[in-house]
Amino acid sequence: MLSRRLLRIKVAKALFAHLKSEADNMIASEKTLMLSIDKAYDLYFQLLALPAEVARYAAERQEIARRKKLPTFEDLHPNTKFVENRVIRVIENTDAVNDHLAARKLGWAKYPELIRTLYLRLIELPFYKSYMAHEERTFEEDREMVEQFFLLLEDCPALDDALEEMSIYWCDDLPFILLMLQRSLSNLRPSHQELRVADKFKSEEDPAFVRTLFEKALIHFGENQRYIEHYTANWDVERIVFMDNLILGTAMTELVEFPSIPVKVTMDEWIEISKYYSTPGSSTFINGVLDKIVASLTEEGRIKKAGRGLI
């Protein structure tokens, strides 16, 4: 399922876009937010289809080699361990994957050069060479091969360019979706005929969390900013970037509006998000200001936590 951190990032981006564009239609902005989450889930299926495309390309290369006028012994007897990888076959034969790809019109047909690039990078991996050299074919080896393939995608400019071209909503989603893929693969067993695909949300609470956080943070943005100003009086206002204030206001909203989320979780999540989406010194600044805000809101009785371990 999509992680709460990714959902928080989606909310922050939607708030930033709405406020910076001075939009006046909250419902339209919220629809765009939910669309961006749907697209993140699409990326999960789009990437699930990628190993099969690369294996198909490898098989095509082997077939071309067989048809050479003077084929070598290796050309006539290729190592088919990768192209016959059982985990790839399981993914390829999973109805839930194929149905989603077809319904959302996803796939890699327009990107043959990317498939070639990924294959050439893959065959240079030490793990791939070891995998292909090992004559035994175990399901565990096949699964680890696919896991290694997905790790290859973490630093692949060609893939980044393709994803950016496919959807503006996929910017920054890749690391979170790769983690989803690794978790899906870890649950796959030799007896499984199909891959159990991850749900979009962990529970019905997640979409409600997204909508409530976005709506409340937007409705109370001005009020929250005035509250925050009391704890940033000693800071150079011109040096406090808009994203810092947005993160503080959204974190404040989460602290007040969600009784079941521990204070420490909220603080840790937004401080971590600030490291990637604001300035280098923002996390330290946000940490210090949030500490003061939490103390003040708690004293005022506005932070009320309920649930196991929170009372």
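Residues numbered from 1 in each chain as written. Predicted model: local features only at pLDDT ≥ 70, side-chain atom pairs only at ≥ 80, totals over all residues. Heavy atoms only, no water.

### Regarding the overall build of the protein chain
Logical step 1: Regarding its fold elements, the protein chain presents 16 helices and 0 strands.
Logical step 2: If one aligns the C-alpha atoms of the protein chain with their principal axes, the spans along those axes are about 80 × 40 × 35 Å.
Logical step 3: Split into buried and exposed, the 311 residues of the protein chain put 47% on the buried side.
Logical step 4: Contacts in the protein chain between residues at least 24 apart in sequence constitute 81% of all its contacts with a sequence separation of at least 6.
Logical step 5: Just so you have it, the protein chain exposes about 16800 Å², and 52% of that area is on carbon and sulfur atoms.
Logical step 6: Positive and negative charge centroids in the protein chain, built from 41 and 50 side chains respectively, lie 2 Å apart. (Helix = DSSP H or I, 4+ residues; strand = E, 2+ residues; numbered from the N terminus. Buried < 20%, exposed > 50% of the residue type's maximum accessible area, 1.4 Å probe, protein only. Contact = heavy atoms within 4.5 Å. Areas by Shrake-Rupley, 256 points an atom, 1.4 Å probe, with all protein chains shown as cover. Lys, Arg positive; Asp, Glu negative; His and termini not counted. Charge placed at Lys NZ, Arg CZ, Asp CG, Glu CD.)

### Considerations on helix 9 (residues 139-152)
Logical step 1: The terminal C-alpha atoms of helix 9, which comprises 14 residues, lie 20 Å apart, in line with the 20 Å expected from a rise of 1.5 Å per residue.
Logical step 2: Of all 14 residues that make up helix 9, 10 are buried, and the element is covered over most of its length.
Logical step 3: Listed in full, the buried residues belonging to helix 9 are Phe-139, Glu-141, Asp-142, Arg-143, Met-145, Val-146, Glu-147, Phe-149, Phe-150 and Leu-152.
Logical step 4: Where helix 9 is buried, its residues meet helix 2 (26-48), helix 3 (50-66), helix 5 (86-92), helix 7 (112-122), helix 8 (126-133) and helix 11 (174-186). (Expected span 1.5 Å × (residues − 1).)

### With respect to the nonpolar core
Logical step 1: Counting residues in hydrophobic clusters, the biggest one holds 96 residues, and the most contacted among them are Tyr-44, Leu-47, Phe-82 and Trp-108.
Logical step 2: Apart from residues no more than four positions distant in its own chain, Trp-108 is found in contact with Gln-46, Leu-47, Ala-49, Leu-50, Glu-53, Leu-114, Ile-115, Leu-159, Leu-163 and Met-166. (Core = buried A, V, L, I, M, F, W, Y, C linked by side-chain atoms within 4.5 Å.)

### Some points on empty space enclosed by the protein
Logical step 1: The final tally for this structure, using the stated rule, is 1 cavity of 30 Å³ or more.
Logical step 2: Its boundaries defined by the atoms lining it, the largest cavity holds a volume of some 40 Å³.
Logical step 3: The wall of the largest cavity is formed by Met-1, Leu-2, Ser-3, Phe-176, Leu-179, Met-180 and Arg-183.
Logical step 4: When the residues that make up the lining of the largest cavity are grouped by side-chain class, the tally is 5 nonpolar, 1 polar and 1 charged. (1 Å grid on protein atoms, 1.4 Å probe; cavity = no way out; pocket = protein on both sides within 12 Å on 5 of 7 lines; lining within 4 Å. Points joined across faces, edges and corners; volume = space filled by probe spheres on them. Nonpolar A, V, L, I, M, F, W, Y, C, P; charged D, E, K, R; others polar.)

### Quick word on the pattern of salt bridges
Logical step 1: For the structure shown, the criterion picks out 23 salt bridges.
Logical step 2: Here Arg-8 ties to Glu-254 by a salt bridge, and the two come within 2.7 Å at their closest N and O atoms. Taken together, the residues span a long stretch of sequence, with Arg-8 in helix 1 (residues 4-20) and Glu-254 in helix 14 (residues 242-257) at a distance of 246 residues.
Logical step 3: Since its relative accessible area comes to 0%, Glu-254 is described here as buried.
Logical step 4: Salt bridges sharing partners connect three or more residues here, namely Arg-5, Arg-8, Glu-254 and Glu-269. (Salt bridge = Lys/Arg side-chain N within 4 Å of Asp/Glu carboxyl O.)

### Side note on the state of the cysteines
Logical step 1: Tallied over the full model, the rule gives 0 disulfides.
Logical step 2: Cysteine Cys-156 is unpaired, with the sulfur of Cys-171 as its nearest cysteine sulfur at 16 Å. (Disulfide = S-S within 2.5 Å.)

### Regarding the confidence of the model for the protein chain
Logical step 1: Residues with a pLDDT of 70 or more make up 96% of the protein chain, whose mean pLDDT is 93.
Logical step 2: For the protein chain, helix 4 (residues 73-76) is the element with the lowest average pLDDT, namely 85, and helix 6 (residues 95-103) is the one with the highest, namely 98. (pLDDT = per-residue confidence, 0-100.)

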